[in-house]
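# Descriptive structure summary
Take a look at the letters that make up each chain.
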Amino acid sequence: MEKLIGEFSFGLFFWQLFIFVGLLIFLAKFAWKPILNAVDERENSIKDALKAAEDARNEMAQLQSDNDRILKEARAEREALLKEAKATSNNLIAEAKAQAQEQAEKILAQAQEEIAAEKRNAIGDLKKQIAGISIDIAETLLQEELKDQDKQLEMIAKRVESAEIQ
Amino acid sequence: MFTLRSSKQLILTLLCATLSFQSFAKETKDAHDSDGADLKSEIKAYIQHHLQDSYDFNLLSYTDETTHKKVHVGLPLPVILWDNGLQVFSSSKLHHGESVAHVGDNYYKLYHGKIYKTNAAGEISYDDHHHPTNVKPLDFSITKSVVSILFTALLMILLFQSLARSYAKNGLIAQGIGRFFEPIVIYIRDEIAIPNIGEKHYRKYMSFLLTLFFFVWFLNILGLTPLGINVTGNIAVTFCLATLTFLITNLTAKKDYWMHIFWMPGVPKLMRVVLAPIELLGVFIKPFSLMIRLYANISAGHIVLMSLISLIFIFKNWLGSSLSFMLAFAISMIEILVALLQAYIFTMLSALYFGMAAEEHDHEHH
C-alpha cells in the first residue's frame, strides 16, 4: 500500500483526468451520439423493413385466399344457377306437358260429349221422323181401313214389316 | 485480424528482444566476469524503471564502449513544475538524474523517477528510512504516460469521429477502419450496458462505458509494443478511472440505491444497522477493486514478459534463451488477450455498478 501511494503521481492523475474527461465529452458529442443514433436508426429501419415485408406477405396470402374463396363461391353459384335453371325448365316442360295432356283430354271429352249429343239429337230427329212416318202410315192405313178391312190389315202388316227402325 | 496482430506481435517481440539485447549486451560487457547477481539486480532495476513513468520518451539506453558513458536514445519531454510560479523546461536538462537541472534560481534533481528540489550541488538528504526529505514541487510534467494518453485520445477521436461521419456519408453503413469497431460498440451496448443497466437508463452511461473500454483497451495494447509504455499499469491512471466510475455511480444513484445501503429493505431492523456500515464500505471497495485489478494485471503482465525476455541474457545459451523466447512469445499472446479482457472487465463492472445505482426496485417483492 505504501508503495502504491509512493508510486502515485498527482501530475499524471491530473493529466489523465483532464484528458479523459475532455475525450469523454468530445467523443460523447461527436462520436458516440451519432454512432449510436445511426446504429439505432439502422436497426429500426431494418426492423421496419422486415415488418413491412412480413405484412406484405401476409396481405398477399390474404389476397390469394380471398381470390380462391371468391373463385370457389363463383363456381358454386354458377353450378347452383345451372341446377336451378335446369330444374325450372324441367318443371316448365312437365307443367306444359301436364297442361297439354289435360287440355287434350278436355277437348277429347268435349268432342265425345258433342258426338254423343249429336247422336242423341240425330236419334231424336229420327224418332220424330219415324213417328211422322208412322203417323203418315197410320193415316194411310186408317184411310185404307176405312175402305177395306182386310186390306187395311194387310197393309198395316206390310208397312210395319217394311218400316223397320234402323 | 487475429493472425495479423499475432504476426505483428511476433515482430514487436523480436524487436523488443533485440532492443533490450543491445542495452544489456553492452552493459554486461562492462560488468563482465563479475557475478550474475549484478546482472540480475540490474534487470530488476530495469524492469522497475520500465514500470514507472518517465520524464522523457526513452527508446533505449546503453553504455558507450569507448567513453564508458551511458547513452540514452529518445525524445525529451517538457517538465512543468509549480514551484513559486510555473517552471517549464525540457527534460533533457535533468540528464536522467545524472546531473542537476538549473532552472531560473532553482535546482532540480531526478532521483528514483521523481523530481526533487535541491541545492546547486544536487545534494539529496535522507531520513531514517532512506526516504529523501527534499521538497517535491508540484509536478504537472508532460511525461511519457501523458504523451501516450494524448496519443490514445487523438487516435480515438480520429477513429470514432470518422466512424460517426461515415454513417452520414454512406447511408447508415459504416465504412473504413471504423467498420471494425462498430460491432464492438454494438457489443458493449447489447452485452454490457443493456443487460447490466437496463433498457430504460443505459443510454446516459453509454458514452462513459465506450470511452472507458476503448481507452483502456488501446492503452493496454500500446503497453505491449516495444515502446515500453505502461500507462494502465500506473496507479494514478487506474485511480482516475476508478474515481470516475465511483463518482458517476454515486452521483446518478437513485433513492433505492441509498436505501439499500443505509436501510436495507426486507431484513430485520437490527440487521439493517449491522449491514449499513458494510454496505457503505462496499461503495468504496467496489471502485477500489477496479483500480487495483487493472493496475495489478497490467503491471504483472509487464513484469512477467520483461522477466522472460531478460532470462535470455541470464541463460546466455541457445537452449535456455530460445526457451525463454518461446515462453515470452506465448505470454505475449496471453497478454494480448489480457489487454482486451481487462478492458472488458473494467467496463463490465462499471456497468454493473451503474446498474445498481440506476435500478428502480419494485418494492412489492420485499
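As shown above, the structure is provided for reference.
Description of the structure in this document. Remember, predicted model here, so these are calculated numbers, not experimental data.

Scoring rules and cut-offs
- By convention here, each chain's residues receive numbers from 1 onward along its written sequence.
- All chains are assigned letters beginning at A, and all ligands numbers beginning at 1, according to the order in which they are written.
- It should be noted that, the model being predicted, local features are given only for residues of pLDDT at least 70 and side-chain atom pairs only at 80 or more, the latter also being counted only at that level, while totals for whole chains, interfaces and linings use all residues.
- Calculated side-chain values reflect all of the structure's heavy atoms, with hydrogen atoms and water omitted.
- Per the convention used, a helix needs a DSSP run of H or I reaching at least four residues, while a strand needs a run of E reaching at least two, with both numbered from the N terminus.
- Being paired, for any two strands, means DSSP has found at least two bridges between them.
- Method remark: on a 1 Å grid restricted to protein atoms, a set of points is classed as a cavity if a 1.4 Å probe fits but cannot get out and as a pocket if it is open with protein on both sides within 12 Å along at least five of seven lines; lining residues have an atom within 4 Å of a point.
- Grid points are joined across faces, edges and corners, and a volume is the space filled by probe spheres set on the points.
- When residues are sorted by character, Ala, Val, Leu, Ile, Met, Phe, Trp, Tyr, Cys and Pro go into the nonpolar class, Asp, Glu, Lys and Arg into the charged class, and all the rest, Gly among them, into the polar class.
- Inter-axis angles, ranging from 0 to 180 degrees, are taken between N-to-C directions of lines fitted to C-alpha atoms, where helices are fitted over the stretch in contact.
- Note on definitions: a residue-residue contact is assigned when non-hydrogen atoms from the two residues lie within 4.5 Å.
- Buried surface area refers to the total accessible area, computed with a probe of radius 1.4 Å, that the two partners give up upon joining, counted for both partners together.
- What makes a salt bridge here is a side-chain nitrogen of Lys or Arg within 4 Å of a carboxyl oxygen of Asp or Glu, nothing more.
- Any pair of N or O atoms that falls within 3.5 Å is considered a polar contact. Within protein, one atom must be able to donate a hydrogen and the other to accept it, and sequence-neighbouring residues count only if both atoms are side-chain atoms.
- As used here, the term nonpolar core means buried Ala, Val, Leu, Ile, Met, Phe, Trp, Tyr and Cys residues forming a set that is joined through side-chain atoms within 4.5 Å.
- Working definition: with a 1.4 Å probe on protein chains only, accessible area under 20% of the residue-type maximum means buried, over 50% means exposed, and in between means partly exposed.
- Note on terminology: angles under 35 degrees are roughly parallel, angles over 145 are roughly antiparallel, angles of 65 to 115 are roughly perpendicular, and the others are oblique.
- For any helix crossing, the convention is left-handed if the near helix is rotated counterclockwise from the far helix by under a right angle, and right-handed if that rotation is clockwise.

We now examine the environment of K33 of chain A. Position of K33 of chain A relative to the elements: it lies in helix α2 (residues 10-147). Residues K33 of chain A and A76 of chain A, spaced 43 residues apart in sequence, show a C-alpha to C-alpha distance of 63 Å.

Okay, the sheet that holds strand β4 (residues 86-90) of chain B next. Sheet architecture is open: three strands sit in the order β4-β3-β8 (chain B), paired in antiparallel fashion. Two strands close off the open sheet at either side, each with one partner strand: β4 and β8 (138-139) of chain B.

Once that is clear, we can look at empty space enclosed by the protein. Residues and elements named next belong to chain B. Tallied over the full model, the rule gives two cavities of 30 Å³ or more. Roughly 60 Å³ of volume is contained in the largest cavity. Only α6 (235-251), α8 (269-315) and α9 (318-358) provide two or more residues apiece to the lining of the largest cavity. Here the residues of the lining of the largest cavity are counted per class, giving six nonpolar, two polar and one charged. Taken as a whole, the second largest cavity spans an internal volume of roughly 30 Å³. Lining the second largest cavity are N220, L224, I298, H302, E335 and A339. Every element with two or more residues in the lining of the second largest cavity is listed here: α8 and α9.

Residues and elements named next belong to chain B. Spatial strand order, β5-β6-β7: three strands in an open sheet with antiparallel pairing. The open sheet has two edge strands with one neighbour each: β5 (101-103) and β7 (114-118). The mean inter-strand angle of the sheet, taken between neighbouring strand axes irrespective of direction, is 35 degrees. Sheet topology note: the strand β6 (residues 106-111)/β7 ladder contains five bridges and is antiparallel. Residue L110 lies in a different strand from β7, and its bridge partner there is I115.

Right, let's get into the interface of chain B and chain A. At the interface, 49 residues of chain B touch 38 residues of chain A. Between chain B and chain A, the buried area comes to about 3,900 Å², and carbon and sulfur atoms account for 75% of it. On the surface where chain B and chain A come into contact, there are four salt bridges. Across the salt bridge formed by E182 of chain B and R42 of chain A, the nearest N and O atoms sit 3.0 Å from each other. On the surface where chain B and chain A come into contact, there are nine residue pairs in polar contact (both at pLDDT 80 or more).

The next thing to look at is the nonpolar core. I35 of chain A together with F160, I188, I197, F214 and L241 of chain B are the most contacted members of the largest nonpolar core, which has 75 residues in total. The set of elements that each furnish at least two residues to this core consists of α2 of chain A together with α3 (144-169), α4 (178-197), α5 (203-223), α6, α8 and α9 of chain B.

With that settled, the discussion passes to the environment of L24 of chain A. Tracing the backbone through its elements, the reader meets L24 of chain A in helix α2. According to the relative accessible area criterion, L24 of chain A is buried, its value standing at 16%.

Right, let's get into the packing of α6 of chain B against α8 of chain B. Residue and element names in this part refer to chain B. Where α6 meets α8, the axes come as close as 8 Å, and the angle between the chain directions of the two elements is 150 degrees. Considering their axes alone, α6 and α8 lie roughly antiparallel with respect to each other. Here the hand of the crossing between α6 and α8 comes out right-handed. Judged by residue contacts, I235, T238, F239, L241, A242, T245, F246 and N250 of α6 engage V283, F284, P287, L290, M291, I292, L294 and Y295 from α8. Counted by class, the contact of α6 with α8 contains 13 nonpolar, three polar and no charged residues.

What follows deals with the pattern of salt bridges. Enumeration over the complete set of coordinates arrives at ten salt bridges over all chains. One salt bridge in this structure joins R189 of chain B and E43 of chain A, with 2.8 Å as the shortest N-O distance. A residue pair is termed interchain when its members come from two chains, as with R189 of chain B in helix α4 and E43 of chain A in helix α2. Judged by relative accessible area, E43 of chain A falls into the partly exposed class, the value being 28%. One salt bridge connects E54 of chain A with R57 of chain A, and the closest N-O pair in it is separated by 2.7 Å. Of this pair, E54 of chain A and R57 of chain A both sit in helix α2, three residues apart, roughly one helical turn. Classification of R57 of chain A as exposed rests on a relative accessible area of 56%.

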